[in-house]
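What the coordinates show
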Amino acid sequence: MKIFFSVVICIHTLYGFGQTTFPNDGYTTHSGDYALINDFKTLEIDTAKSKVSFDFVEDETSGTIGGLDFRIVFNPEDPDNASFTGTALVKTLDTNNFLRDGHLMWEKFFYKKKYPKILFKSKQVVPFEANIYKVIGDLTIKGIQKEVIVTFSLNDHKLLGKTIIYTSDFEVFIHDEREKNKLAIQFYFPILK
């Protein structure tokens, strides 16, 4: 019995009198600080105003894609637990040219009938510089999955991203030469205040 009380006194001395235990959560705090709990709040994105745009460099053609369905879990103080996932609808590709947009739906290009969605799923988020983050993930177009890196910057209540892909890597051959299929993609995610 003396040994038991000695152990209790030692534990009480080591952890101090300011210890608070919350019922049923299994975690203990000291002076109000959480232990082993990720207490970071993620940024809240304005989904209605978010957009994805692109520039097809060789032909100097710009456009957008819509039908966005995404989930971003991100706090700049906790990038290890961040994730970016989402889809876009191929049928919403808009290059401001009705005939060209219709052709892009064909089997030779994006094959909308068989592959109606473009998908992205992050694997890792890495802090790079001040307010700059590299999001490494898998992009799937026309059933073909490739790893891409999207560079995001956080400023003025918005999360801006950019990446380069080559459409021919996904069997979308606008031109025969890979370099001429270069597509610069931009992401705009406004943050709710």
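The shown structure was predicted, so the numbers you read here are calculated from the model rather than taken from an experiment.

Okay, the overall build of the protein chain next. From N to C terminus, the protein chain includes 2 helices and 11 strands. In the protein chain, which comprises 193 residues, the proportion classed as buried is 35%. Long-range pairs, those at least 24 residues apart, make up 49% of the contacts in the protein chain between residues at least 6 apart in sequence. Accessible surface, the protein chain as shown: approximately 12,900 Å² in total, 55% of it carbon and sulfur.

Across all of its chains, the model carries 5 salt bridges by this definition. Note that Lys158 and Asp156 form a salt bridge whose closest N and O atoms lie 3.9 Å from each other. Here Lys158 falls in the partly exposed class, since its relative accessible area comes to 22%. Linked by salt bridges that have partners in common, Lys123, Asp138 and Glu147 make up one network.

A one-sided burial pattern is seen for strand E4 (residues 61-65), the buried positions being Thr61, Gly63 and Ile65 and the unburied ones Ser62 and Thr64. Summarising the sheet, strand E3 (residues 51-56) and E4 pair through 5 bridges and their orientation is antiparallel. Following the sheet pairing, Phe54 is matched in E4 by Gly63. In this antiparallel pair of consecutive strands, E3 and E4, the connection spans 4 residues, and Glu60 shows a positive phi of 50°.

Evaluated as defined, the whole model comprises 8 aromatic pairs. Over the ring of Phe128 we find Lys134; its NZ or CZ atom is 4.5 Å from the centre of that ring. For the cation-ring pair, Arg178 lies above Tyr166, with the distance from its terminal atom to the ring centre recorded as 4.0 Å.

Rules used in this analysis
Per chain, residues are indexed from 1 in the order of the written sequence. Restriction of local features to residues with pLDDT of at least 70 applies here, the model being predicted, together with a cutoff of 80 or more for giving and counting side-chain atom pairs; totals for whole chains, interfaces and linings are based on all residues. With hydrogens and water set aside, each side-chain value is computed from the structure's full complement of heavy atoms. Each helix is a run of DSSP H or I of at least 4 residues and each strand a run of E of at least 2, with the numbering of both proceeding from the N terminus. Working definition: with a 1.4 Å probe on protein chains only, accessible area under 20% of the residue-type maximum means buried, over 50% means exposed, and in between means partly exposed. Any two residues having at least one pair of non-hydrogen atoms within 4.5 Å are treated as being in contact. Per-residue and other accessible areas follow the Shrake-Rupley method at a 1.4 Å probe size, with only the shown protein chains counted as cover for residues. Salt bridge, as applied in this entry: a Lys or Arg side-chain nitrogen positioned within 4 Å of an Asp or Glu carboxyl oxygen. Any two strands with at least two DSSP-identified bridges between them are counted as paired. Put simply, two rings from Phe, Tyr or Trp (the six-membered ring, in Trp's case) pair if the centres are within 6.5 Å, and we call them stacked under 30 degrees between planes, edge-to-face over 60, tilted for the rest. Charge over a ring is defined by NZ of Lys or CZ of Arg lying within 6 Å of the ring centre and within 35 degrees of the ring normal.

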